[in-house]
Amino acid sequence: MNQKIKTIRPFIGSENFEISRNFYKDLGFEEIILEPKLSLFRWNEVGFYLQDAYIKDWIDNTMLFIEVENVENFWQELTQLKLPEKYENVRLIPIRTMDWGKECFVHDPSGILWHFGEFVTK
């Protein structure tokens with residue numbers, strides 16, 4: 001194929017749509033309401049669709065990775081948001097360093113695991 005791929009936008013679910021909407025706005029995403037039970041969340045060119053839909057097995061097995069420029073700076077800003085104090089079930093896991101780079105983790109209010117990472121440049 002000779003098509004230039006521009007973005008990928010996964011669909012994710014939520015146990016409580018309103019709480020998840022607020023969480024993602026607090027995290028730094030811009031919300032665009034598409035339908036009463038579907039919103040697009042964007043941060044620069046990165047985006048995903050949040051649905052008012054909850055299937056436990058699906059949510060428990062959903063993980064997403066977002067590459068950031070500087071994971072240490074991202075972690076500092078992330079911890080200042082105090083999301084675990086504001087939202088039940090939200091957990092932050094500090095930066096881990098691996099051979100390929102570094103990443104930190106965020107569990108959203110429904111349990112979706114987000115990886116925020118920085119790749120090693122050689």
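Here is what the cut-offs are and how they apply
Residues numbered from 1 in each chain as written. Predicted model: local features only at pLDDT ≥ 70, side-chain atom pairs only at ≥ 80, totals over all residues. Heavy atoms only, no water. Phe/Tyr/Trp six-rings, centres within 6.5 Å; stacked < 30°, edge-to-face > 60°. Helix = DSSP H or I, 4+ residues; strand = E, 2+ residues; numbered from the N terminus. Buried < 20%, exposed > 50% of the residue type's maximum accessible area, 1.4 Å probe, protein only. Pairing = 2+ DSSP bridges.

Colleague: Before we move on, can you summarise the packing of aromatic side chains with the specific residues and values?
Modeller: Overall, the coordinates contain 18 aromatic pairs when judged by the stated rule. With 6.0 Å between their ring centres and 65° between their planes, phenylalanine 65 and tryptophan 100 make a pair best called edge-to-face. With a gap of 35 residues between them, phenylalanine 65 in strand 5 (residues 63-67) and tryptophan 100 in the loop between strand 6 (91-97) and strand 7 (101-107) connect regions that are remote in the sequence. Taking relative accessible area as the criterion, phenylalanine 65 reaches 37% and is therefore assigned partly exposed. For tryptophan 100, a relative accessible area of 32% puts it in the partly exposed group. Judged by centre distance (5.3 Å) and plane angle (55°), the rings of tryptophan 100 and phenylalanine 119 are tilted. You can see tryptophan 100 sitting in the loop between strand 6 and strand 7 and its partner phenylalanine 119 sitting in strand 8 (residues 113-119), a full 19 residues away along the chain.

Colleague: If you had to explain the pairing of strand 4 (residues 46-51) to someone new, which residues and values would you point to?
Modeller: Pairing of strand 1 (residues 11-12) with strand 4 involves 2 bridges; the strand directions are parallel. Each bridged residue has a counterpart across the sheet, and for isoleucine 12 the counterpart in strand 4 is leucine 50. Pairing of strand 3 (residues 38-43) with strand 4, which is carried by 6 bridges, proceeds in the antiparallel orientation. The residue bridging tryptophan 43 from the neighbouring strand is valine 46, located in strand 4. The antiparallel pairing of strand 3 with strand 4 creates a hairpin that spans 2 residues between the two strands, and asparagine 44 there sits at a positive phi of about 55°.

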